[in-house]
Amino acid sequence: MFTGLTRIDHVGIACHDLEEKIAFYESTFGLVVASREVNEAQGVKEAMLHVADGPSGSSYVQLLEPLGPDTPVGKFLAKRGEGVHHVGYGVDDVAAALEAIGAKHVRLLDERPRHGSMGASIAFLHPKDVGGVLTELVQAAEDPRKGRHNA
Ligand code: CMX
Ligand code: CO
């Protein structure tokens, strides 16, 4: 059994207008933007808003605006509208996590880790094999100056 989830790293939220949603989260919850990035490979413009620090690292809200209609978030918005798109869990070693979880016959959308926000290594699991929840595994960057840290 895989027992390596260390925290909820982030909740990914799909939106049409990133700047508008950032302003909403800032003014409603007092959250602060930790990073803003464009990730062409993932088809998103995104922002991480810091929520809290825990014993195994920080947690965030990730706001996601699609770079176009034919991207994962673009397709999701067209089908379902704005809302929760995925849950990201912290792991210490994303490659090892993929191997262990893949052996459970959960389809891996990424066979190998990819580049995520703030220097993290990330990989996705198919929502159809996780009860309808698109699930992301997140290995934080080693260097806290590059973003997330493992406490
Ligand atoms: N959560 C739950 N179910 C989802 C989903 C999501 N986010 N996205 C798609 N689905 C469901 C659809 O509703 C659909 O179900 P039905 O067949 O029952 O209608 C099924 O999955 C297939 O959906 P689709 O619209 O045809 O889309 P694709 O199969 O082309 O892609 C997915 C779906 C999950 C494989 C694709 O979105 C993917 O590879 N995602 C991973 C990458 C990603 O999301 N990147 C953006 C975030 C980057 C970041 O966090 O940094
Ligand atoms: Co994410």
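Just so you know, these numbers come straight off a predicted model, no measurement behind them.

1. Let's talk about the overall build of the protein chain
And step 1. Across its full length, the protein chain holds 3 helices and 8 strands.
And step 2. In the protein chain, the order of α-helices and β-strands from amino to carboxyl end is β-α-β-β-β-α-β-α-β-β-β.
And step 3. The C-alpha atoms of the protein chain give 15 Å as radius of gyration, which agrees with the globular expectation for 151 residues (15 Å, within 12%).
And step 4. Along the three orthogonal principal directions, the C-alpha set of the protein chain runs to about 40 × 35 × 25 Å.
And step 5. Excluding contacts between residues fewer than 6 apart, the proportion of contacts in the protein chain whose partners are at least 24 apart in sequence is 58%.
And step 6. Here the protein chain displays about 8,100 Å² of accessible surface, and carbon together with sulfur accounts for 54% of that area.
And step 7. One way to put it: in the protein chain the 15 positive side-chain charges average out to a point 5 Å from where the 21 negative ones average out.

2. Describing the UniProt feature "domain: VOC" (unreviewed entry) in the protein chain
And step 1. The positions that UniProt labels "domain: VOC" (unreviewed entry) are, in the present scheme, residues 7–140.
And step 2. With 22% helix and 43% strand, the stretch residues 7–140 has end C-alpha atoms that lie 11 Å from each other.

3. Let's talk about the environment of Cys 15
And step 1. Note that Cys 15 resides in the loop between β1 (7–14) and α1 (18–29).
And step 2. Sequence separation between Cys 15 and Ala 103 is 88 residues; the distance between their C-alpha atoms is 34 Å.
And step 3. Non-local contacts of Cys 15, meaning those with residues more than four positions away in its chain, are made with Lys 21, Leu 64, Glu 65, Pro 66, Leu 77 and Glu 82.

4. Details of the side chain of Glu 136
And step 1. Turning to its location among the elements, Glu 136 is positioned in strand β8 (residues 135–139).
And step 2. A residue is classified by how much of its surface remains accessible, and Glu 136, at 4% relative accessible area, is buried.
And step 3. In this structure, Glu 136 is in contact with His 10, Gln 62, His 86, Val 87, Gly 88, Tyr 89, Ile 122, Ala 123 and Phe 124, ignoring residues within four places of it in sequence.

5. Observations concerning the layout of surface pockets
And step 1. If you add up the space inside the largest pocket, you get close to 840 Å³.
And step 2. Lining the largest pocket are 35 residues; nearest its centre among them are Pro 72, Phe 76, His 85, Pro 127 and Leu 134.
And step 3. Where the lining of the largest pocket is concerned, the elements lending two or more residues are β3 (44–54), β4 (57–66), α2 (72–80), β5 (83–90), β6 (114–115) and β7 (121–125).
And step 4. It is α2 that provides the largest number of residues to the lining of the largest pocket, a total of 6 residues.
And step 5. Looking at the lining of the largest pocket residue by residue, the class counts come to 14 nonpolar, 12 polar and 9 charged.

6. Structural notes on the sheet that holds strand β2 (residues 32–39)
And step 1. Taken in spatial order, the 8 strands line up as β2-β3-β4-β1-β5-β8-β7-β6 in an open sheet, and their pairing is mixed. In this open sheet, the two edge strands, each paired with only one partner strand, are β2 and β6.
And step 2. The sheet contact formed by β1 and β4 spans 5 bridges and is parallel. Residue Val 11 lies in a different strand from β4, and its bridge partner there is Val 61.
And step 3. Strands in contact with α2 are β1, β3, β4 and β5; relative to β5, the strand with the most contacts, it is inclined by about 140°.

7. A short note on the coordination of the cobalt ion (ligand 2)
And step 1. Note on the cobalt ion (ligand 2): its protein donors are His 10 (NE2), Gln 62 (OE1), His 86 (NE2) and Glu 136 (OE). The metal-donor distances range over 2.1 to 2.2 Å.
And step 2. Mapped onto the sequence, the residues coordinating the cobalt ion (ligand 2) show the spacing H-x51-Q-x23-H-x49-E. With a gap of 52 residues between them, His 10 in strand β1 and Gln 62 in strand β4 connect regions that are remote in the sequence.
And step 3. What makes His 10 buried here is its relative accessible area of 1%.
And step 4. For Gln 62, a relative accessible area of 6% puts it in the buried group.

Parameters and conventions
Residues numbered from 1 in each chain as written. Chains lettered and ligands numbered in written order. Predicted model: local features only at pLDDT ≥ 70, side-chain atom pairs only at ≥ 80, totals over all residues. Heavy atoms only, no water. Helix = DSSP H or I, 4+ residues; strand = E, 2+ residues; numbered from the N terminus. Rg over C-alpha atoms; globule rule 2.2 N^0.38 Å. Contact = heavy atoms within 4.5 Å. Areas by Shrake-Rupley, 256 points an atom, 1.4 Å probe, with all protein chains shown as cover. Lys, Arg positive; Asp, Glu negative; His and termini not counted. Charge placed at Lys NZ, Arg CZ, Asp CG, Glu CD. UniProt positions renumbered as here; feature names shortened; annotations may be inferred. Buried < 20%, exposed > 50% of the residue type's maximum accessible area, 1.4 Å probe, protein only. 1 Å grid on protein atoms, 1.4 Å probe; cavity = no way out; pocket = protein on both sides within 12 Å on 5 of 7 lines; lining within 4 Å. Points joined across faces, edges and corners; volume = space filled by probe spheres on them. Nonpolar A, V, L, I, M, F, W, Y, C, P; charged D, E, K, R; others polar. Pairing = 2+ DSSP bridges. Axes fitted to C-alpha atoms, helices over the stretch in contact; angles between N-to-C directions. Donors = N, O, S within 2.8 Å, 3.2 Å for Na, K, Ca; no water.

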